[in-house]
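# Observations on chain architecture
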Amino acid sequence: DFSKAMSQAGTSQFQEVIRQELEYSMKVELDKILATAPSNELEHAKKDLEGFKKLFHRFLQEKGPSVDWGKIQRPPEDSIQPYEKIKARGLPDNIASVLNKLVVVKLNGGLGTSMGCKGPKSLIGVRNENTFLDLTVQQIEHLNKSYNTDVPLVLMNSFNTDDDTKKILQKYSHSHVKIYTFNQSRYPRINKETLLPIAKDVSYSGENTECWYPPGHGDIYASFYNSGLLDNLIGEGKEYIFVSNIDNLGATVDLYILNHLMNPPNGKRCEFVMEVTNKTRADVKGGTLTQYENKLRLVEIAQVPKAHVDEFKSVSKFKIFNTNNLWIALSAIKRLQEKNAIDMEIIVNPKTLDGGLNVIQLETAVGAAIKSFENSLGINVPRSRFLPVKTTSDLLLVMSNLYSLNAGSLTMSEKREFPTVPLVKLGSSFTKVQDYLRRFESIPDMLELDHLTVSGDVTFGKNVSLKGTVIIIANHGDRIDIPAGALLENKIVSGNLRILDH
């Protein structure tokens, strides 16, 4: 036993030496990068690289999955409230004064690359020529006009989206919404083999764009604070932010949740509220809220030990997942940020660059900070508050007659007999937005659709109706043109079907 203990001590000592060497090498490289910064960028680059250094230090300290599976418990009954209960309280007469304490923050760092678009994802057209950003501005403008309030919109951009977003913001200069932006950090990608940054200098244009990345939306706390905007908004009397992904079209300002925050029934205010919703088979990978060491904690699939992944995915054991619609007290962000007390697990995101180089990105997620805040709460909201558009399959749903658009908000059509959304899977010929748009002369009637799968070279004529389960498969070399006015109900279409213009 003694020799075993000695060899273990030797191993951990050896690991510690390696850790220190890696940290020292990283510091040397980061100093070299910083030395290339022009004087007007120096302060900013310094802050970014300091933040990165802290994250890298933590990355070297941590070993294996970051949760001890044995400590995970179901959250106590009252820690996740049903939305119905919160709505049943009604609204006070002075809802405008409550609204005036709110700031809407949209996470706007993502590019539209997964949908074949260049530039910010928020500028993709979603409905009647309106982009994600247009719809967001319309929603808040409608709120401000209806209640005579001043709810501002804050966009957290990344270095990838900042320029394009700022250009487009000029078109809202006459809208009834104050719009602010701040940038999340810019961190260097790390060579997976050497654990050193692949960037040689601070520039991030041209061939250097691949050397840098925005470190996930968990970066919001530090960047919001560092930008000075957090203090300005507190100075204006704002108390809560409502944070959500810009591509979640269901994430509109909910007055009942806001009232619950500002006027809590037990007199004790929550600092952090996470909207969760019931899992379906499509959401098995979503992060879930658990009780862990007497705190509410968000557990993501990446943190789960391999032996327990199937259990984590079980819809019966973990019934809810995080929508990433979050309500957070501004004063709490300031307090925790100043104490350096916001603790978020590191997500290691491996990537392969175009040249074949394997790199890793160290990221954090905004919801993971829930355990650092006091008096946190989950609210189990209807599925309609989670309507993300990640793919063209999602885009087809929100463009269709399943939804009606009113003042920038999409709501499920009353003509749909059941509230669930159809399952839509479009094949690789539809991945890019421009290909997708070319393949539909008009968006089909989908009010009575349950399931649609389309694969291969398929196009849709005008005024097609889809009902029940529809599967359309064009094998390699075949093409299927669904004729204008066609009604497909519980049909499988395969082979070749060419509609020739006469």
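Just so it is clear, the structure is predicted and the values come from calculations on it, not from any experiment. (Residues numbered from 1 in each chain as written. Predicted model: local features only at pLDDT ≥ 70, side-chain atom pairs only at ≥ 80, totals over all residues. Heavy atoms only, no water.)

## Describing helix H5 (residues 132–147)
With 16 residues, H5 should cover 22 Å at 1.5 Å per step; its first-to-last C-alpha distance of 23 Å lies within 8% of that length. Residues of H5 that are buried include every one of Phe132, Leu133, Asp134, Leu135, Thr136, Val137, Gln139, Ile140, Glu141, Leu143 and Asn144, and no others. (Helix = DSSP H or I, 4+ residues; strand = E, 2+ residues; numbered from the N terminus. Expected span 1.5 Å × (residues − 1). Buried < 20%, exposed > 50% of the residue type's maximum accessible area, 1.4 Å probe, protein only.)

## Here's the deal with the pairing of strand S21 (residues 449–455)
Taken residue by residue, a regular strand's side chains alternate between the two faces of the sheet. Judged from the four bridges that link them, strand S20 (residues 423–426) and S21 form a sheet pairing that is parallel. Along S21, the bridge assignment pairs Leu423 with His451. Crossover connection from S20 via helix H13 (residues 433–439) to parallel S21: handedness left-handed. The sheet contact formed by S21 and strand S23 (residues 465–473) spans six bridges and is parallel. Of the residues in S23, the one forming a bridge with Leu452 is Val470. (Pairing = 2+ DSSP bridges. Right-handed = clockwise from strand over helix to strand, strands pointing away.)

## Considerations on the sheet that holds strand S8 (residues 190–191)
The sheet built from three strands is open, its strands ordered S8-S16-S15 with antiparallel pairing. Among the strands making up the open sheet, the edge pair consists of S8 and strand S15 (347–352). Of the pairings in the sheet, the one linking S8 to strand S16 (residues 358–363) comprises two bridges and is antiparallel in character. Its bridge partner lying in S16, Asn191 is registered against Val359.

## Section: the UniProt feature "binding site: UTP" (unreviewed entry) in the chain
UniProt feature "binding site: UTP" (unreviewed entry): in the numbering of this structure it lies at Lys121, Gln184, Gly216, Asp247 and Lys390. As for its placement among the helices and strands, Lys121 is situated in the loop between strand S2 (102–108) and strand S3 (125–127). Setting aside anything within four residues of it in sequence, one finds Lys121 in contact with Gly110, Leu111, Gly112, Met115, Phe132, Asp247, Val389 and Lys390. With respect to the helices and strands, the residue Gln184 is situated in the loop between strand S6 (179–183) and strand S7 (187–188). (UniProt positions renumbered as here; feature names shortened; annotations may be inferred. Contact = heavy atoms within 4.5 Å.)

## Focus on the side chain of Ser244
You can see Ser244 is positioned in strand S10 (residues 240–245). Of the residues examined, Ser244 reaches a relative accessible area of 0% and is grouped as buried. Those residues in contact with Ser244 that sit more than four places away from it in its chain are Val105, Lys106, Leu107, Ala251, Asn324 and Asn325.

## Let's talk about the UniProt feature "binding site: substrate" (unreviewed entry) in the chain
Within this numbering scheme, the UniProt entry marks His217 as carrying the feature "binding site: substrate" (unreviewed entry). Look at His217 and you get partly exposed, because its relative accessible area is 27%. When residues no more than four places from it in sequence are discounted, the contact partners of His217 are Leu107, Met156, Asn245, Asn324, Thr364, Ala365 and Val366.

## Examining helix H2 (residues 39–61)
If you check H2, its first and last C-alpha atoms are 33 Å apart, about what 23 residues at 1.5 Å a residue would give, namely 33 Å. Of all the bends in H2, the greatest, near 25°, is centred on Ala45. If you check which residues of H2 are buried, you get Ala45, Asp48, Leu49, Phe52, Leu55, Phe56 and Leu60. (Bend = angle between axes of the 7 residues up to and from the residue.)

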